[in-house]
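Analysis of the macromolecular model
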Amino acid sequence: MTNPGNTKWFRSPETRGDTGCAPEFPVAPVPQPGMDRRSFLRLTGFSFAAAGAAACSRAVPSLALPQVTADEHVVPGRDYWIASTSWADGSGSGVLVRCLDGRPLKLEGNPDHPLNQGGLTASCQASLLSLYDDRRFDGPQRAGAPGTWDDVDGALRAELERIRSDGGRVRVLTPTLTGPSTLARIATLLDSVPDGRHVMYDALSCSALLDAQRSAHGVRVLPRYDLARADVLAVFDADPLGTWISPAEYSAGYRASRQPDASPPRMSRHWQFEARLSLTGSRADQRVLVAPWETRPALTRLARAVAERSGTPVPGPAQAATDVRPELHDALDSLATELWAHRGAGLVLCGRNDHHAQVLVCWINELLGNVGNTVLLDTPSQQRRGDDRALAALRDELLAGDVDLLITSGNPAYELPGLAQALGQAGTLACTSAQPDETSALADLVFPESHELERWDDSEPHAGLFATTQPTLPPLRDGRTLRASFARWAGDARDDRTLLRDAWERDLAPRRQAADEPFGVWFDRVLERGWVSLPGAPSTAARACDAAAVATALAAPRETGPQPAGADGLGLVLYPKVGLLDGRGAHNPWLQELPDPISKVTWDNHADLSPATADRLGLRTGDVVRVTIAAPSDSAQAAVPAPIELPVLVQPGQDDRVVAIALGYGRMGTDRFTDVGPQWFEGRPTVAPGATVGSNAAPFLTLDDGVLGTDRRVVRLTPTGEQRLLATTQDHHSLAVPEHLAPKGGEVRDAVHLTTLDAATVASHAGGHDSHAELWSDDFDHGLPHWGLAVDLTACTGCSACVVSCQAENNVPVVGRDEVQRHREMSWIRIDRYYADRDDGGVDVVHQPMMCQHCGHAPCETVCPVLATMHSSEGLNTQVYNRCVGTRYCANNCPYKTRRFNWFEYSREDRLQNMALNPDVTIRSRGVMEKCSMCVQRIQAGKAEARRRGVALADGDVQTACQQSCPTRAIVFGDLHDPESAVSKLAAKSRAYSVLGELNVQPSVRYLADVRNPATEGA
Amino acid sequence: MSDTAHGPSAALAHTPHAEATADEGSSADPRLITAARTPGEVTRDVCEPLERGPTRLWYLCFAVSAAALLVGAVCVTYQVAVGIGTWGLNRTVGWAFDITNFVFWVGIGHAGTLISAVLLLMRQRWRTSINRSAEAMTLFAVMCAGLFPLIHMGRPWLAYWVFPYPNTRGPLWVNFRSPLLWDVFAIGTYFTISAVFWYIGMLPDLGTVRDRAKGLRKRVFAFLALRWDGSARTWSRWEMACLLLAALATPLVVSVHSVVSSDFATAVIPGWHTTIFPPYFVIGAVFSGFAMVLTLMIVARKVMSLQGYITERHIGAMCKVLVFTSSIVAMAYATELFVAWYSGSPYEQFAFANRLFGPAGWAYGIMVACNVLTPQLLWFRKVRRSIGTIFVISLLVNVGMWFERFVIIVTSLGRDFLPSSWTGYAPTLIELGTLLGSFGLFFTCFLLFCRYLPMIAMAEVRAVVAEQEHHGHDTAADADAALPESPTPPRASMRHCGVFAAPEGLLAAVRAARRRGLHVVDTYTPHPVHGLDAALGLRRSRLPFVTLACGAVGAALALWFQYWSSSSDWPLDVGGKPLDSFPAFVPVAFEVMVLLAGLGTAVALLWRSRLLPGGSTQKPAPAGATDDRFVVMLEHADASLSRADIEQLWVDQGAVDSWTEQRP
Amino acid sequence: MSARSSHSRVFLASGLVLGLATIAVSIEWRPLNTHTGYAPEQPVAYSHRLHAGELEIDCLYCHFGARTSPRAGIPPTSVCMNCHATVSSDFGSLLAERALAADEDREPRRIVSAEIRKVYAAMGLDDELQPTDSGPHPIPWVQVHDLPDFVAFDHSVHVSRGLACASCHGPVQSMERVWQESDLSMGWCVNCHRERAADPRITLTREHGKLQPGEHVTTDCVACHY
């Protein structure tokens, strides 16, 4: 496997689609449910398949089934890459899918893709596993029972015919869709009925932002934000690096704006205003606690302060000075000053679904001259197109019983408040759920949607950027795309690829500039690349901010928080977690077991409380509380949602006035995870039979006044007296040791180096206590490469993309909730999160990716009695699984605690999911130690490839999985012996240090200090 | 075949067994052994409980122990079948109960070796009553200890990979730099040498049991006793072998716990990484071992009615050892804290602050209370006389020492360098069951030992009894060197045997016979008789040369093999350490040296004394010679001497019996 | 006396025998999955002696994967058809049929041998190479060489370094039915690597600080185990 950035290696089945001689996929029967990996491989005809447990004995001969017809493009055992697009996190990131022997094994960010530039979020990476999900529907369903396509298509077409003749309303409710071919098909169908409308929604809604753009600038678009050009970044209630709109894209831009090593150093100032500690907030230079109901007043204050500085007259009546708290007032003034000083290079973002607040943000960005620089409206994003107003209208229509046919995509019954009830009122409900879920449970007809990795599709993440999605294997389940379904209902029975190809030939091909190329050749090239930029997008040239809208926003009534009188009344903040997002990842065990970057909790959601509030309420982490909406909702339509019970998590850095709860949990069918993890008599199931993982907080969302709201004014917490142990991978909240145990003078361990830009540039920051004292001469100078990593803590956002990437690459098993509770998670790379108390009462958060440090003088190696771990001639600390007898001495003696032991037989041979296993990496059996190998299989493959091609292995040819996926390029791999390699150059920086360098174990992983850019006195 | 003529028979007067159940207050008796005055009494007191059926108390104890063993067996089976995850370990605390129990049991074993070997070298005669059971305790404790490193492996079925045997992997040898590998050799050697020492020491007593037994039991013991005959030459070599084995076992016992402590001391983990550990662990082992011996002795003397053999003096002596070692242990604790503070290393300082005041501070409290505070009561004579109090203290010391290991292992591992990985630890039922099972194994073995083997070293106790009954200097011994040589008569066809009731008579008869120029073929005695070698004119045994040679070969072989396999046959980069890591090769070299020396000595003893097992039905020892009779065997070629003259010689010297037999 | 010493001798001799036996067993210890000489019957009686020996077809013609892939691979049945679309039987039978046809004064019939018929059947073809109803299916070859799953072996790396196939697979050109020549034990792999690593002609070159490909024979564990 070489650098996937090398475009030579891109290929697509389409490239030989026109030859007409080979079938699309040679000799590849559809794997059946419950089929194991080997059986699948045998069927695809590419592999040596062993019948039975024949590894040790020839009692049962192993069979080697060859292909029948040679496929000149696929060499058995040799991997190939297919360019595609992933919408698993709602961002439409470009991916390269690594395939081997006819099945996809790994998703990697497409380095050439303009959006994500090679990074890929955890949820996109994990979508691979959803492909191999045995709960997916295999064929359509009718009234809860399996049906045939002809049957369900007939039923739907009959219904359409009835509506065409009798009249009636047809509604299509989907999450954001951008694919021109699909949208055209939907539009065609809806045009053919008397009253048809397509409503798009986003569970993580940006509707108010879009609406505000329409109010202010006249076009309902989502601007693109160029964080790379922002010198001052002010984020209100949004998590752009974690979950908001396009995290991989924003992270890359954010990283570009923070380059302490550049000359001169470039470091943006990042202000974060939020109530809960988000991933983005954890990286902020200046973090200010703002309750949700304070956001609009704060933005009003900021808008006025900026307007003052710009000399713009402020429309509308003057504002009372007491609208915001004094400390907030001061912070906003400082921010306004900074923004003004960097006008044109600042950026204000707001994630709150509040129309007035968003109008103010538009105005502020315009006043500062950011529009056109950091706020790009000419090629707007299409990643969020949901319209809450239309959604609310549809809900009302549904409740009124006015919808005759509703076709849904996504899972609105779960994701949206009150929709489950409304969907039940539709005349006919057809849904396209890929697997049984809350919506399919209500549906009359289910047309299961095929997985992204097994379908042809297109999309348009932002105007003019067209991305393609290609199948990477023959469909595992009998599903269909939305486009194919709508075409079928319109009487067009052509296959999906043809539909797509024709749509492109008709709609998009005319827009390309060099039209002399035959369409087929051009289309193949687009597929091979995965995306294409086409000019001629309809101009969305925005007009200047509408003064009336601004005036309305400035004059909007204040929202109020919980009354101080109600001592236990708290504001509620609902938020998505990096893994599960709005719940779409809930059936993915990789994501369920991915520790939340901040709380480090797996397999659960929880009620987050600040330490002070927890103290006040007498609650501790693990106490189960009942969360109740205290006051009746403002809207009479929405019934008061039922209370839910959740364990408390005490979360530093959170506003004392709110409780924060993650969305996406409590999904139907997550009791499937009951038997995840080892079964033994003291083992507790990951989830009780019949229960769900976590509790569903989506009913607490509000859909009032045409806005999907993620916060509530007053909730009450009632302790139930029960305890629920949260499965966290990191117990301790502080880098400092507990106070009563600290030696005199206080001890702060310098495992992470947190410094300021000034300190980093002024002082030649010494990297810890790295000494190079040698007790003995080096017997082992091989003159070979010395592989090493450099991890830039300034760049690391803690987004955990690397964790899932490593899990996918290295077959890291999922162990289940109980094992995580027992501190036996298996991830080879973990992200240590440390809090450090700030003088102003806040907390600093540092994320430190921690993997095997591949020490030159490895303490683990000396103690292994059987030589199962030792050094390779290329500086790797290697673990030989088949030699390991499992004394665990090495793990004990590892100062970094990066070794992982197989306490049980975690692997299972009988799961469809095992097809996601990487055959290049041994499946570890029970009783052996494992750990980060620095992706040695990639190193070996890289060397082998260089050998085959007779060229030198260049720096960057081999990338580790964590490095490849990192949206901020925080991890760099290479040869430390080569002074010209990127990793050597990083390791030579003054910011570089070794963790626990004073032990002189000579780690091959070097860290670069986390540089922040806090306000300097008098600046 | 044998022409046996019985001389005057003098029934051995049985002294009334007044002190057999000597009450614990009668410490006025200056004698070490209060229960017996003759060798026969010792035989009877020790053997009779074995020959009678077991008591109800024994059955009760055995049932309880076997039940515990069964629980342990079930737990271990479950763990091996399902996975080591059935223990409460985690990614940070990789060892807890397993290695705690391992170190605990190794420590328990140490007192046995110490009592039998060190006290033998120091000529502490009070050891004789307890050394046998102390050695047995060592063996069983080491068995329990050895169990844990085996089952704590993730893949115990591959445990044989820790041995450097030729294989088809290259061959791939083992890592001689790993303290765990040193453990393999140390524990292996320790078990082997302890077993050899125990067995060799038990040979005379097995002979006694054999000679009293009938039927199947006789055949079994005849096999076990290896043709033990109690001849003067055998005794001479046996005593030398015991001395040599003791001399080997003494440094061995120190090395074993030093090696065990290296598991921790060579690691980088704060709280482990310290040079004080070897002596600290050795003394802790002695401390806990003596406590366990006390516990066992107090129970055993009660259950087996051996108060006259394990007297208050024995218990008092052990109490003094206990309070002495407790003080050293206390000093070790203090030193450890001081060094942590003085080191200036924040990690080290934290490790100890955490030990004292962290989440497992209660365990540290138990450890100090049991190991340091409670034993101080033993400074008071009153306490030392209260068997019940001593029993409780000895139990507490065992508890405390278990917690010492727990504290060292778990608190150090749980919170080491990076706070992100700090965890706690709690045992599962499986671990508790396994710990229980190890006690079950130990006590089951010990009870079986009590039931089937002589738990008191009869031969040695006989010698002590003989010594304490015999007052006054053996004046005749001074002239032994002047006795004439009497070469083996070539044509003698008859052997004349005289039987005596006491060693003095035997010595006198030997001297008298030699003065007359008669050839003393051999003597057969129930215990080694002081001065007999000189009286017989025997040469000093040459066993030490065998020991030296075997030891030298062992050390050289081990050093060469370690060097060759690590640096020449397949040089591998292990932690950047040099290929010729000679300091790391020392422990294994030492253990192999001791192993070969010990085995060589034992084999040489058996070989030279013709004790090797064989199928001969010939009676190895004259009747009573392994019980209470002292037999002299003469030959002569002097035709002028009649059988009556010989009879007269016997009568003159006070023989109780005599006979003449054909020379074989 | 003599009885005793004879017992001792028996004792010693048995100890000696036991010790030697232990050593012998451990030296001869073979993991269970080395099956030198394993030569299973194959579904098609394909002769390597004929194809690789007499006809001198290059190994890589059929096992083309060895050039570029970790796996040499069993050739797809279509590779057989490159020749056997025309060669349907042995020469002798063809001559006989031609002679017979000449005698009977008719067109020679197409002669298809039993083994080649199996190949056609696998391709889903009948004797006249017309598609049949049964369709194509893979030939269930029996695997001869099998490495444990924890061993990563890359054919292409070895082949591209010029290692002859016969170094590991033995004289395949003389095998009627393929057997396993080498024991494929770790020691067997390692010893080859050791010998080559010690070869002074194979040295590492570093040009411009870059590792030059194909110049290093490693004995790192991680070369095969990861």
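Residues numbered from 1 in each chain as written. Chains lettered and ligands numbered in written order. Predicted model: local features only at pLDDT ≥ 70, side-chain atom pairs only at ≥ 80, totals over all residues. Heavy atoms only, no water.

Quick look at the overall build of chain B now. Tallying secondary structure elements over chain B gives 20 helices and 4 strands in all. Here the contacts in chain B between residues at least 6 apart in sequence split such that 84% fall between residues at least 24 apart. For chain B, the accessible surface area stands at approximately 24,500 Å², while carbon and sulfur atoms represent 67% of it. (Helix = DSSP H or I, 4+ residues; strand = E, 2+ residues; numbered from the N terminus. Contact = heavy atoms within 4.5 Å. Areas by Shrake-Rupley, 256 points an atom, 1.4 Å probe, with all protein chains shown as cover.)

Before going further, it helps to spend a moment on the overall build of chain A. Helices and strands together make up the secondary structure of chain A, namely 26 helices and 45 strands. Split into buried and exposed, the 1019 residues of chain A put 66% on the buried side. For chain A, long-range pairs separated by at least 24 residues make up 73% of all intrachain contacts whose partners lie at least 6 apart in sequence. For chain A, the exposed surface amounts to about 31,800 Å²; the carbon and sulfur share of it is 52%. (Buried < 20%, exposed > 50% of the residue type's maximum accessible area, 1.4 Å probe, protein only.)

Our focus in this paragraph is a nonpolar patch on the surface. On the surface, B:Phe338, B:Val339, B:Trp341 and B:Tyr342 cluster together into a nonpolar patch covering about 500 Å² of accessible area. Here B:Trp341 is to be found in helix α9 (residues 312–343). (Patch = residues over 30% accessible without salt bridge, like charges linked within 9 Å, V, L, I, M, F, W, Y side chains within 5 Å. Salt bridge = Lys/Arg side-chain N within 4 Å of Asp/Glu carboxyl O.)

Moving on, we get to the interface of chain A and chain C. Counting residues at the interface gives 54 residues for chain A and 52 residues for chain C. With both sides pooled, the region where chain A packs onto chain C buries about 4,500 Å², and carbon together with sulfur makes up 60% of that total. Our count for the contact surface shared by chain A and chain C stands at 2 salt bridges. Note that A:Arg948 and C:Asp154 form a salt bridge whose closest N and O atoms lie 3.9 Å from each other. Where chain A meets chain C, there are 10 residue pairs in polar contact (both at pLDDT 80 or more). (Buried area = accessible area lost by both parts, 1.4 Å probe. Polar contact = N/O pair within 3.5 Å; in protein donor to acceptor, adjacent residues only side chain to side chain.)

All names here are of chain A. Read around the barrel, 6 strands follow the order β24-β29-β26-β28-β27-β32 and close on themselves; strand pairing throughout is mixed. On average, each strand axis in the sheet is inclined to that of its neighbour by 45°, with strand direction left out of account. By the bridge criterion, 3 bridges tie strand β26 (residues 607–609) to strand β28 (residues 644–650) in an arrangement that is parallel. Across the sheet, Ala607 pairs through a bridge with Val648, a residue of β28. Of the strands in this sheet, β24 (569–575), β29 (658–662) and β32 (711–723) are in contact with helix α7 (residues 292–310), which crosses β32 at around 150°. (Pairing = 2+ DSSP bridges. Axes fitted to C-alpha atoms, helices over the stretch in contact; angles between N-to-C directions.)

By a frequent convention, interface size equals the accessible area lost on bringing the separate parts together. Counting from both sides, the interface comprises 70 residues of chain A and, opposite them, 74 residues of chain B. With both chains or domains summed, chain A and chain B bury close to 6,100 Å², and 60% of this area falls on carbon and sulfur atoms. The tally of links from chain A across to chain B stands at 3 salt bridges. Taking the shortest distance from any N to any O, the salt bridge between A:Glu825 and B:Arg91 comes out at 2.5 Å. For the pair chain A and chain B, the interface holds 40 residue pairs in polar contact (both at pLDDT 80 or more). Across the side of chain A that touches chain B, the residue classes tally to 34 nonpolar, 18 polar and 18 charged. (Nonpolar A, V, L, I, M, F, W, Y, C, P; charged D, E, K, R; others polar.)

Residue and element names in this part refer to chain A. Inspection of the entire model under this criterion finds 87 salt bridges over all chains. Here Asp507 and Arg506 are joined by a salt bridge, their closest N and O atoms 3.3 Å apart. On the basis of relative accessible area, Asp507 is assigned to the partly exposed category, the value being 32%. Among the salt bridges present, the one from Asp1010 reaches Arg1012, with a minimum N-O distance of 3.1 Å. Judged by its relative accessible area of 0%, Asp1010 falls in the buried class. The class of Arg1012 is buried, set by a relative accessible area of 5%.

Another point: the packing of helix α1 (residues 39–51) of chain B against helix α15 (residues 458–469) of chain B. Residues and elements named next belong to chain B. Between α1 and α15, the shortest axis-to-axis distance is 9 Å and the interhelical angle comes to 145°. The way α1 lies across α15 gives a crossing that is right-handed. Where α1 approaches α15, its residues Pro39, Val42, Thr43, Val46 and Cys47 are matched on the opposing element by Met458, Val461, Arg462 and Val465. Considering only residue class, the contact of α1 with α15 consists of 7 nonpolar, 1 polar and 1 charged. (Left-handed = near helix turned anticlockwise from the far one by under 90°.)

A word on the nonpolar core. With 288 residues, the main nonpolar core has B:Trp105 and B:Ile200 as its most contacted residues. Per element, the largest residue contribution to this core is 17 residues, and it comes from helix α7 (residues 232–265) of chain B. In this view, B:Trp105 contacts B:Ala141, B:Cys144, B:Ala145, B:Phe148, B:Met292, B:Ser438, B:Phe439 and B:Phe442; residues no more than four positions away in its chain are not counted. A:Ala390, A:Val659, A:Ala698 and A:Leu703 belong to the second-largest nonpolar core, a separate cluster that totals 48 residues. (Core = buried A, V, L, I, M, F, W, Y, C linked by side-chain atoms within 4.5 Å.)

Where helix α16 (residues 547–555) of chain A is concerned, the buried positions are A:Ala549, A:Val550, A:Ala551, A:Ala553 and A:Leu554. On its buried face, α16(A) sits against α5 (207–217), α7 and α9 (355–367) of chain A.

Residues and elements named next belong to chain A. By the element assignment, Arg224 lies in strand β10 (residues 222–225). For Arg224, a relative accessible area of 14% translates into the label buried. A polar contact is formed between the side chain of Arg224 and the side chain of His462, at a distance of 3.3 Å. With sequence-adjacent residues up to four places away left out, Arg224 is seen in contact with Leu115, Glu249, Thr374, Val375, Leu376, Thr379, Pro380, Ser381 and His462.

Take the sheet that holds strand β8 (residues 169–175) of chain A next. Residues and elements named next belong to chain A. The strand order across the open sheet formed by 7 strands is β7-β6-β20-β19-β18-β8-β9, and the pairing between neighbours is mixed. Strands at the two margins of the open sheet, each flanked by one partner only, are β7 (145–146) and β9 (195–201). Across 2 bridges, strand β6 (residues 141–142) lies against strand β20 (residues 445–446) in antiparallel orientation. Looking across to β20, one finds that Arg142 is bridged to Leu445. Lying over the sheet, helix α3 (residues 149–166) contacts β6, β8, β18 (405–408), β19 (428–431) and β20, oriented at roughly 135° with respect to β18.

A word on unusual backbone geometry. Cis peptide bonds are those with omega within 30 degrees of zero, and the linkage from A:Ser263 to A:Pro264 qualifies with 0°. Tracing the backbone through its elements, the reader meets A:Pro264 in the loop between β12 (258–259) and β13 (266–267). B:Gly170 connects to B:Pro171 through a cis peptide bond whose omega is -10°. With respect to the element layout, B:Pro171 can be found in the loop between α4 (131–151) and α5 (179–212). A positive phi angle, near 55°, is found at C:Glu56, a position not held by glycine. Relative to the helices and strands, C:Glu56 is located in the loop between α2 (48–54) and α3 (59–62).

Further remarks concern helix α4 (residues 180–191) of chain A. Residue pairs three or four apart in sequence face the same way in an α-helix, which turns once every 3.6 residues. In this model α4(A) runs 16 Å from its N-terminal to its C-terminal C-alpha over 12 residues, within 8% of the 16 Å that 1.5 Å per residue would give. Listing the buried residues of α4(A) in full gives A:Pro180, A:Ser181, A:Thr182, A:Leu183, A:Arg185, A:Ile186, A:Leu189 and A:Leu190. (Expected span 1.5 Å × (residues − 1).)

Residues and elements named next belong to chain B. Residue placement: Ile33 occurs in the segment before α1. Looking at Ile33, the relative accessible area reads 0%, which means it is buried. Each C-alpha atom of the pair Ile33 and His314 lies 9.5 Å from the other, and the pair is 281 residues apart in sequence.

Turning our eyes to something else, we now look at the pairing of strand β1 (residues 494–500) of chain B. All names here are of chain B. With 6 of 7 residues buried, β1 is to be regarded as a mostly interior element. Bridge analysis of β1 against strand β4 (residues 657–662) gives 6 bridges, and the strand direction is antiparallel. Looking at the pairing, Met494 lines up with Gln662 of β4.

All told, the structure shown has 72 aromatic pairs over all chains when counted by the stated rule. With centroids separated by 5.1 Å and ring planes inclined at 85°, the aromatic side chains of B:Trp235 and B:Trp238 adopt a geometry described as edge-to-face. Of the two residues, B:Trp235 and B:Trp238 both sit in helix α7, 3 residues apart, roughly one turn of that helix. The same class applies to B:Trp235 as to B:Trp238, namely buried. Following the ring pairs from residue to residue traces out a cluster consisting of B:Phe104, B:Trp105, B:Phe140, B:Trp198, B:Phe439, B:Phe442, B:Phe443, B:Phe446 and B:Phe449. The aromatic ring of A:Trp340 is capped on one face by A:Arg343, whose charged end is 4.3 Å from the ring centroid. (Phe/Tyr/Trp six-rings, centres within 6.5 Å; stacked < 30°, edge-to-face > 60°. Lys NZ or Arg CZ within 6 Å of the ring centre and 35° of its normal.)

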